[in-house]
Amino acid sequence: MSALTYLLAEDSDGAWTIVFEPEDLHLYLEFVKPGMATDPVSGMTIDDFLARRPVNPAHRRALDNLVAWLRRALEWDTPIHPTTGGNNTDAR
């Protein structure tokens, strides 16, 4: 299976994407300039991406979209029970 990508933001300078390689369980973010190929070596971890201050509006949109994407993914499933740390199956 090839890498799965999700576009976070783009402008005329390039695109911010999340890339997941299922075979290697490798997840990273990268900025790809127009006409360039994806390069896992130049990608960064989500931790590194979240720790950087946005350098331009597209970078800010990518950060905002990543946080929104993570929130939707976590809210999609049953919430974690706050006291036990387990899934709150009674909340369904």
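Fair warning: this is a prediction, and the values are worked out from it, not measured in the lab.

## A closer look at the confidence of the model for the protein chain
- Summing up the model confidence of the protein chain, the mean pLDDT is 83 and the portion of residues at 70 or higher is 83%.
- Contacts from residues 88-92, a stretch scored under 50 in pLDDT, to residues over four places away or in other chains number six contacts.

## Looking at unusual backbone geometry
- Its identity is not glycine, yet Leu25 carries a phi of approximately 50°, on the positive side.
- Judged by its relative accessible area of 68%, Leu25 is exposed.

## Things to note about the pattern of salt bridges
- Under the definition given, this model contains two salt bridges.
- Note that Asp64 and Arg60 form a salt bridge whose closest N and O atoms lie 2.8 Å from each other. Taken together, the positions of Asp64 and Arg60, both in helix α2 (residues 57-76) and four residues apart, correspond to about one turn of that helix.
- The partly exposed category is assigned to Asp64, whose relative accessible area is 37%.
- Arg60 gets classed as partly exposed once you look at its relative accessible area, which sits at 39%.

Definitions and limits used
- Residues numbered from 1 in each chain as written.
- Predicted model: local features only at pLDDT ≥ 70, side-chain atom pairs only at ≥ 80, totals over all residues.
- Heavy atoms only, no water.
- pLDDT = per-residue confidence, 0-100.
- Contact = heavy atoms within 4.5 Å.
- Buried < 20%, exposed > 50% of the residue type's maximum accessible area, 1.4 Å probe, protein only.
- Salt bridge = Lys/Arg side-chain N within 4 Å of Asp/Glu carboxyl O.
- Helix = DSSP H or I, 4+ residues; strand = E, 2+ residues; numbered from the N terminus.

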